[in-house]
Amino acid sequence: MSIEQLAETAQAMVAAGKGIIAIDESTSTIAKRFAGVGIENTEENRRAYRELLLTTPKLSDYISGAILYDETIRQSTKDGVPFAKYMAQHGIIPGIKVDKGTHPLAGCPGEVVTEGLDGLRDRLKEYYALGARFAKWRAVINIGEDIPTGTCIEANAHALARYAALCQEAGLVPMVEPEVLMDGEHDIQTCYEVTEAVLRSLFAALYEHNVLLEGTILKASMVVPGKDCPDQADVEEVAESTVMCLKSTVPAILPGIVFLSGGQSDEDATAHLDAMNRLGALPWPLSFSYGRAMQQAALKLWSEDLKGNFAKAQSTVYARAKDNGLAALGKWEG
Ligand code: 13P
């Protein structure tokens, strides 16, 4: 696989005014989302829901790609068109979640490491054949008393780098995601310091493993106070802290950075992205790769009337894509 092809895919993922929709919830995670709105977690319901999202009319106006789960990339529309094929025909780059989730990190109480490297080379080959052109791996960093430890940060950075190198070997753009969780009482400064350490460690590991940054996308968490911190930050502070942290850690050659929403409200996720893009010239496009902040309104509508609200739910997906696409340009009107 040539670096030119990887770079072309990476640039298309962060094309001006476009972002990614993350619909790669594992079967157990989508079970929680469905349970929240009273939908039974059957394979057909998961397929029908992903069809609703992916077949939203004119989705590619604001969406460059979608991240799928293993089950989803093997599924088709009700008319029998494989989702990955449908996406490619409609200008949406297929992506795939390839990690196998987090597990307790032995020796480090309260911390986790993401697994899934065993057999990954063969799985990536198969995903490429199924149409995927980028792949996501999510590492999770908890903030708490005496954590994160350097051991946890390094173990996760090492796994991210090994997965990223394997992706590029297979012709897939790695979307490296080190998520610093919002859970906890910590303040925004603590989140800043942890995020800075995590990103420094990640880019050092990517360098050690000969990962080509020109063909890599960073999926970052924003610098925000913990959900239970009494001292919440306003939109400007989140935007300025996040951009400063990224500028001091992320090489300018990276084609782009996309954010996860991590439990923020739809409005906050959009407002934060918009405010960052109003801060003046940046070294890389800043866009979105939201899961919940793209889907939650549509899921609620769909759950109220699966057939009757199908089109209404799709127009909500389109509206969220439009708002976030405008925010990626710093042109959201609120
Ligand atoms: P959220 O935007 O819901 O955090 O999901 C994004 C994602 O893909 C996390 O891995």
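The present account deals with the structure reproduced in this document. Only a predicted model underlies this, so the values are computations on that prediction, with no experimental measurement involved.

Details of helix H10 (residues 266–277)
The terminal C-alpha atoms of H10, which comprises 12 residues, lie 17 Å apart, in line with the 16 Å expected from a rise of 1.5 Å per residue. Listed in full, the buried residues belonging to H10 are Asp266, Ala269, Thr270, Ala271, His272, Leu273, Asp274, Ala275, Met276 and Asn277. Those residues of H10 hidden inside the fold are in contact with helix H9 (235–247), strand S9 (257–259), strand S10 (286–290), helix H11 (292–304) and helix H12 (310–327).

Observations regarding the environment of Tyr69
Mapped onto the elements, Tyr69 comes out in the loop between strand S2 (63–68) and helix H4 (70–73). Along the chain, Tyr69 and Met294 lie 225 residues apart, while their C-alpha atoms are 16 Å from each other. In contact with Tyr69, not counting residues within four places along its chain, are Ile23, Asp24, Glu25, Ser26, Thr27, Ile96 and Lys97.

A short note on the site of the ligand
Taken together, 13 residues sit near the ligand, with Lys136, Lys219, Ser261, Gly262 and Arg292 positioned nearest. Contact between the ligand and Ser261: an oxygen atom at 2.4 Å from a side-chain N or O atom of the residue. Contacts to the ligand include Arg292, whose side-chain N or O atom sits 2.7 Å from an oxygen atom. Among the elements of the structure, strand S6 (134–141) and S10 are those that each provide at least two residues to the shell around the ligand.

Looking at the packing of helix H7 (residues 150–169) against helix H8 (residues 188–208)
How two helices pack is summed up by the angle between their axes together with the distance between the axes. Put simply, H7 and H8 touch, their axes get as near as 8 Å, and they point 40° apart. Classified by the angle their axes make, H7 and H8 are oblique. H8 is crossed by H7, and the crossing has right-handed handedness. In this structure, H7 contributes Ile153, Glu154, Ala157, His158, Leu160, Ala161 and Ala164 to the contact, and H8 contributes Ala197, Val198, Ser201, Leu202, Ala205 and Leu206. The residue makeup of the contact of H7 with H8, split by class, is 10 nonpolar, 2 polar and 1 charged.

Section: the environment of Leu218
Inspection of the secondary structure puts Leu218 in strand S8 (residues 217–220). Taking the C-alpha atoms as reference, Leu218 lies 24 Å from Tyr318; in sequence the two are 100 residues apart.

Structural notes on the packing of aromatic side chains
Taken as a whole, this structure holds 6 aromatic pairs when the rule is applied. When the centroid spacing of 5.7 Å and the interplanar angle of 75° are considered together, the rings of Phe34 and Tyr49 count as edge-to-face. Of this pair, Phe34 sits in helix H2 (residues 27–37) while Tyr49 sits in helix H3 (residues 43–54), and the two are 15 residues apart along the sequence. Classification of Phe34 as buried rests on a relative accessible area of 0%.

Remarks on the packing of H8 against H9
Closest axis-to-axis distance for the H8/H9 pair is 10 Å, and the angle between their directions is 25°. Comparing their axes, H9 and H8 come out roughly parallel. Where H8 crosses over H9, the two elements pack in a sense that is right-handed. Of the residues in H9, those touching H8 at Ile188, Tyr192, Thr195, Glu196 and Leu199 are Glu237, Val238, Ser241, Met244, Cys245 and Leu246.

Reading the values: the criteria
- Residues numbered from 1 in each chain as written.
- Predicted model: local features only at pLDDT ≥ 70, side-chain atom pairs only at ≥ 80, totals over all residues.
- Heavy atoms only, no water.
- Helix = DSSP H or I, 4+ residues; strand = E, 2+ residues; numbered from the N terminus.
- Expected span 1.5 Å × (residues − 1).
- Buried < 20%, exposed > 50% of the residue type's maximum accessible area, 1.4 Å probe, protein only.
- Contact = heavy atoms within 4.5 Å.
- Near = heavy atom within 4 Å.
- Polar contact = N/O pair within 3.5 Å; in protein donor to acceptor, adjacent residues only side chain to side chain.
- Axes fitted to C-alpha atoms, helices over the stretch in contact; angles between N-to-C directions.
- Parallel < 35°, antiparallel > 145°, perpendicular 65-115°, else oblique.
- Left-handed = near helix turned anticlockwise from the far one by under 90°.
- Nonpolar A, V, L, I, M, F, W, Y, C, P; charged D, E, K, R; others polar.
- Phe/Tyr/Trp six-rings, centres within 6.5 Å; stacked < 30°, edge-to-face > 60°.

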